[in-house]
Structures are given as structure tokens and as C-alpha cells.
Amino acid sequence: MKRGFKFLLFTAALALLWGCYPQGPDYAEEMDVVLTTHNDEYDFTSKATYARPNRIVKITGNLEDGEDPEFIPDPYATKILKMIDDNMAALGWTKIDVAANPDLFLFPASWETTTVFYWYDYWGWWYGGYYPGWGYGGYYPPYYMYSSYTTASVMMTLIDPDVVGGNGNPLPQWTGVINGLLTGVFDETRVETAIDKAFTISPYLNTK
Amino acid sequence: MKKIYIIAIVALLAAPVFAQSNYTSLQYSIGFGTGDMKDFIGQTSFRGFTIDYRSMVRSDLGVGLDMGWNVFYEEMEDAVYEYNNITYSGKQWHYSNHFPILLAVDYYKETSGKLTPYAGFGLGTMYSLQNTDMGTYTFERDAWHFAIRPELGVLINVSPGLDLTILGKYYYGLKAGDLPAQGYFALNLGFVFGQF
């Protein structure tokens, strides 16, 4: 009896502890992350103009020679580009045409990453229901469950065409990345908040 | 250090030979971080348990094993963090799991009443696993610490073979692996099954 009580107490304590293990975020927007990095020897304050493409390229990782890159749909790109321009203007930058010899180029890009994880009764294919007490007998092919999540990122890179690396390619002087969990709808507020934050945490971009 | 381990292990293995009795204790544990541990998570942990086993080698001396789990958690405010020239911003969730496994010696003050105060010392290892979650990413650090643990407590006899206990333990794991020294105070409440 006493042994049974001890076991019960121990099991209940474990179950209680496991059940109340902290679970982290409750809402998708809580998982939005902004990251910036810059060349701290570069003097942004001596620059004033930038140019950028009118579309946001979508990095898919499977582009083959001769193929055109994908772009994110224009309605979304237009809004995102305006958010970027507003922030640049607030920091004293002027957007000019690429042919007008800008100080910097701003390259926007985006990508999505889907993570799939799954689990299944991997022994089910073999015993095939011989041991029905095990719970999943009778499922063949194996009964499995899966879940996934997709995150989207927008990256903004400022490049000085006159500053190149050893391989002759221009070096990024500032990079801002926003990353968040996709929820199936374009949440303008979340995107705007994150883009604003990328510039807010980069005070060295201020040319005023 | 190796000698201390060997002596402790031999003492533990030999204990049942001389043992007059033994007991097992299951305890709910509340944790309060200190030092670097508190810097990482300032919140009190209300998630923890301890299992103690003691073999009484004398009527006032018990040796045995001390195992447990305390998990600390804190949801940090949306903040800006800097590392070299990288700046990142967002919410963070900090988790810190600690699994002490210690050889323990307790001295019990013999009294005629229902209360038996005791003091103990533990020596062994503590596995710590810390996660910083941000976005969909987690940054994980872990370590097996060499750990010590002083303890003070009191047993309250309820019936033959059953006591309640209230005790305080201070776990301190020395700097190891990816982690700095980890220390926390645990306030435990529990049942004690067995004879003294």
C-alpha cells in the first residue's frame, strides 16, 4: 500500500511538473525578430543618396542558369518598399534613380523557410496489428502525424559600389533582416513594426 | 578530487551493510537563482522536485543519493541585444533546467519530540541545460558541473514510517562547459517514507 502510494505520488509529481513546463510564446507576432549588422568603420553620415530596385527578389535557392528569379507579388512589395523608403527618408536619405550615381544601393530580398517535423509509430509497419494492445495495430501503411511552420524573412542590404572586397564584389555596409512566423495573411502592421525597428536600432544610418 | 569521489562512492555502497534502516523522500521544490543563474533568470522557479534516499549508518547519520530537477523560466520583454556589431531585437524566453545528482551525508540531531532537525552535505554533479529562445530559434548551452550542496532541514513525524519534511538546499555547480557557475537555493517540502 505504502509502496503504491509512493509510486502514485511520484508519478503525479512528474506529471504535474511536465504538464506545467513553461511553453513560451502565445502569439505569432511575439516571435518576430529583427537583426542588423554593419561595418562600423564605414561613415554613413558622409553619404546622402541611395537607389533601389522596384521589386523584391525572392530567394528560392533553386534558380538555374538562364532562369529569371522570382519576385514577391507587387502589392506586397510596394508596401514593403514604401516602408523602407519612409525610414530612409526619416534618417535623411534621398532616393534617386540608379543612373544618377547614388552613394549607396539598397537591395531588398525575401525568402521563406518551411520546417516540417513528423512522428509516427514506426514499428507499426512490421507487427501489423499482431499486438493490438499496443494501440496502433491495424494501421498499415504506418499511421503518422506531422506538423510544420513557415517563417518569412525580408533582408535589406546597403552596398557602396565604390567599396569592393578582394574578389572585386561590393561589400555590404549594412544589413537588416526581419524574420517572423507566417500566419497565412500579410500582416502589414507586423511587417511595418519590424522594418521600423530595423532602422531604429541602426542610429548610425542617420545622416541628419 | 578523484579520491573524494571514490571515498563517497565506497561510503554509499557500504552503507546498506551497516544500515539500521533507510528512507526515501519525495519533495516539491521551489528554486531561487543566485549569481550568474539569477542574471540569466531572475524569476523564482515553482517547478521542481527532489528524490532523496538515505541509508542510516548510525542512528544519527544517513548517507545516500540526492537527485532532482528544477526548471527556471522567464519571459523577457521585447528588447535590443548587441553582440560585436550585430544588433538584434525581439522577445526572448529563457529556460534553465538543472538536474543535480549527488552523494549525500546527513547528520540528525536526536530528540525526544516529533521534530528532528538535520544538516547535510552533498557532493556530485549537476547537469545544466539553458535555452534562449528567440523567434523560431533557440540558443542552447549545457554543462556537467562539479556540484556541492549544503542542506538544513527538519523532519516532522506524522506516524510510524511517515514524516513530513521542510528543508533548504543550496546547489552550487562550478563553472563548466558552456556555462558559468550555476547556483540556486531550493526550498523543499515533502514526504519521507521509512524508518530511522
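No experiment lies behind these values; they were computed from the predicted model shown.

How each quantity is defined
- Residues numbered from 1 in each chain as written.
- Chains lettered and ligands numbered in written order.
- Predicted model: local features only at pLDDT ≥ 70, side-chain atom pairs only at ≥ 80, totals over all residues.
- Heavy atoms only, no water.
- Helix = DSSP H or I, 4+ residues; strand = E, 2+ residues; numbered from the N terminus.
- Buried < 20%, exposed > 50% of the residue type's maximum accessible area, 1.4 Å probe, protein only.
- Areas by Shrake-Rupley, 256 points an atom, 1.4 Å probe, with all protein chains shown as cover.
- Contact = heavy atoms within 4.5 Å.
- Buried area = accessible area lost by both parts, 1.4 Å probe.
- Salt bridge = Lys/Arg side-chain N within 4 Å of Asp/Glu carboxyl O.
- Polar contact = N/O pair within 3.5 Å; in protein donor to acceptor, adjacent residues only side chain to side chain.
- Nonpolar A, V, L, I, M, F, W, Y, C, P; charged D, E, K, R; others polar.
- Pairing = 2+ DSSP bridges.
- Axes fitted to C-alpha atoms, helices over the stretch in contact; angles between N-to-C directions.
- Core = buried A, V, L, I, M, F, W, Y, C linked by side-chain atoms within 4.5 Å.
- pLDDT = per-residue confidence, 0-100.
- 1 Å grid on protein atoms, 1.4 Å probe; cavity = no way out; pocket = protein on both sides within 12 Å on 5 of 7 lines; lining within 4 Å.
- Points joined across faces, edges and corners; volume = space filled by probe spheres on them.
- Patch = residues over 30% accessible without salt bridge, like charges linked within 9 Å, V, L, I, M, F, W, Y side chains within 5 Å.
- Lys, Arg positive; Asp, Glu negative; His and termini not counted.
- Charge placed at Lys NZ, Arg CZ, Asp CG, Glu CD.
- Expected span 1.5 Å × (residues − 1).
- Arc of directions from axis to C-beta.

## As for the overall build of chain A
Looking only at helices and strands, chain A has four helices and eight strands in total. Relative to its 208 residues, chain A shows a buried fraction of 33%. Total accessible area on chain A stands at roughly 13,100 Å², and carbon and sulfur atoms take up 58% of it.

## Some thoughts on the interface of chain A and chain B
With 31 residues of chain A at the contact, the number on the chain B side is 30 residues. Interface area, chain A with chain B, both sides summed: about 2,700 Å², of which 66% is carbon and sulfur. Ionic pairing is found between A:K197 and B:D78, a salt bridge with its closest N-O pair at 2.8 Å. Scanning the region where chain A abuts chain B turns up six residue pairs in polar contact (both at pLDDT 80 or more). For the side of chain A that touches chain B, the secondary structure elements donating two or more residues are α1 (2–19), β1 (33–38), β7 (144–164) and β8 (170–181) of chain A. Per element, the largest residue contribution to the side of chain A that touches chain B is eight residues, and it comes from α1(A). A per-class count over the side of chain A that touches chain B returns 17 nonpolar, eight polar and six charged. Note that β1(A) and strand β5 (residues 86–90) of chain B share five bridges and pair antiparallel.

## Here we look at the sheet that holds strand β10 (residues 182–194) of chain B
Residue and element names in this part refer to chain B. In spatial order, the strands read β1-β2-β3-β6-β7-β8-β9-β10; together these eight strands close into a barrel with antiparallel pairing. Taken over all neighbouring pairs, the strand axes of this sheet differ in orientation by 25 degrees on average, direction set aside. Where strand β1 (residues 21–34) meets strand β2 (residues 47–58), eight bridges bridge the pair, whose relative direction is antiparallel. In the sheet register, T24 faces β2, and the bridge partner there is Y53.

## Some thoughts on the nonpolar core
Generally speaking, soluble globular proteins have nonpolar side chains that are buried together. All names here are of chain A. Counting residues in each nonpolar core, the largest one holds 28 residues, and the members touching the most others are I195 and F199. Of all the elements in the fold, those that place two or more residues in this core are α2 (74–90), β6 (104–120), β7, β8 and α4 (188–200). Sort the elements by how many residues they give to this core and α2 lands first, with six residues. Discounting chain neighbours no more than four positions away, the residues touching F199 are I84, N87, M88, L91, M156, W174 and L205.

## Quick notes on the environment of A:M83
Residues and elements named next belong to chain A. Along the chain, the position of M83 falls in helix α2. Sequence-wise, M83 and D65 are 18 residues apart; in three dimensions their C-alpha atoms are separated by 32 Å. Setting aside anything within four residues of it in sequence, one finds M83 in contact with E188, V191, E192 and I195.

## Description of the pattern of salt bridges
Residues and elements named next belong to chain B. According to the stated counting rule, one finds 17 salt bridges over all chains in the structure shown. The partner of E151 in a salt bridge is R149, and the shortest N-O contact between them spans 2.9 Å. With a relative accessible area of 4%, E151 lands in the buried category. Each of the salt bridges in this network shares a partner with another, and the network as a whole consists of D52, R54, D66, D106, R149, E151 and K169.

## Things to note about the confidence of the model for chain A
With 78% of its residues at a pLDDT of 70 or more, chain A has an overall mean of 82. Every residue in residues 134–142 of chain A is under pLDDT 50, and counting partners more than four places away or in other chains gives 15 contacts.

## Concerning the layout of surface pockets
Each pocket or cavity is described by its volume, and for the largest pocket that value is around 540 Å³. For the largest pocket, the lining is made up of 25 residues, of which A:A152, A:V154, A:L182, A:F186 and A:V191 are closest to its centre. Among the secondary structure elements, those contributing two or more residues to the lining of the largest pocket are α2, β6, β7, β8 and α4 of chain A. Per-element accounting of the lining of the largest pocket gives the leading share, four residues, to β8(A). Lining the second largest pocket are 17 residues; nearest its centre among them are A:V33, A:L35, A:N179, B:Y137 and B:F139. Taken together, the elements giving at least two residues each to the lining of the second largest pocket come down to β1, β6, β7 and β8 of chain A together with β5 and β8 (137–159) of chain B.

## Some remarks on a negative patch on the surface
Side chains of A:E64, A:D65, A:E67, A:D68 and A:E70 sit close together on the surface and give a patch of like negative charge. Summarising the element assignment, A:D68 is placed in the loop between β3 (57–58) and β4 (70–71).

## Some remarks on α4(A)
Residues and elements named next belong to chain A. The terminal C-alpha atoms of α4 lie 18 Å apart, and with 13 residues this matches the ideal 18 Å at 1.5 Å per residue to within 8%. Residues R190, V191, A194, I195, A198 and F199 constitute the buried set of α4. The arc enclosing the buried residues of α4, seen along the axis, measures out at 165 degrees, which places them on a common side. For α4, the exposed residues set more than 90 degrees away from the buried face come down to T189 and T200.

## Structural notes on a nonpolar patch on the surface
Residue and element names in this part refer to chain B. On the surface, Y28, F32, F46, L115, I156, V158, L164, I166, F185, L187 and L189 cluster together to form a nonpolar patch covering roughly 900 Å² of accessible area. Elements with a minimum of two residues in the nonpolar patch: β1, β8, β9 (162–173) and β10. The leading source of residues in the nonpolar patch is β10, at three residues. On the secondary structure map, F46 appears in the loop between α2 (35–40) and β2.

## Some points on the pairing of β8(B)
All names here are of chain B. Bridge count between strand β7 (residues 115–134) and β8: 20 bridges; the pairing is antiparallel. Paired with F121 across the bridge in β8 is P150. A loop of two residues connects β7 with β8, the two strands running antiparallel in sequence, and G135 in this loop sits at a positive phi of about 60 degrees. Bridge count for β8 against β9 is ten bridges, and the pairing is antiparallel. Bridging from a neighbouring strand, I156 pairs with L164 of β9. Hairpin geometry of β8 and β9 is characterised by an intervening segment of two residues between the two adjacent antiparallel strands and by a positive phi of about 85 degrees at G161.

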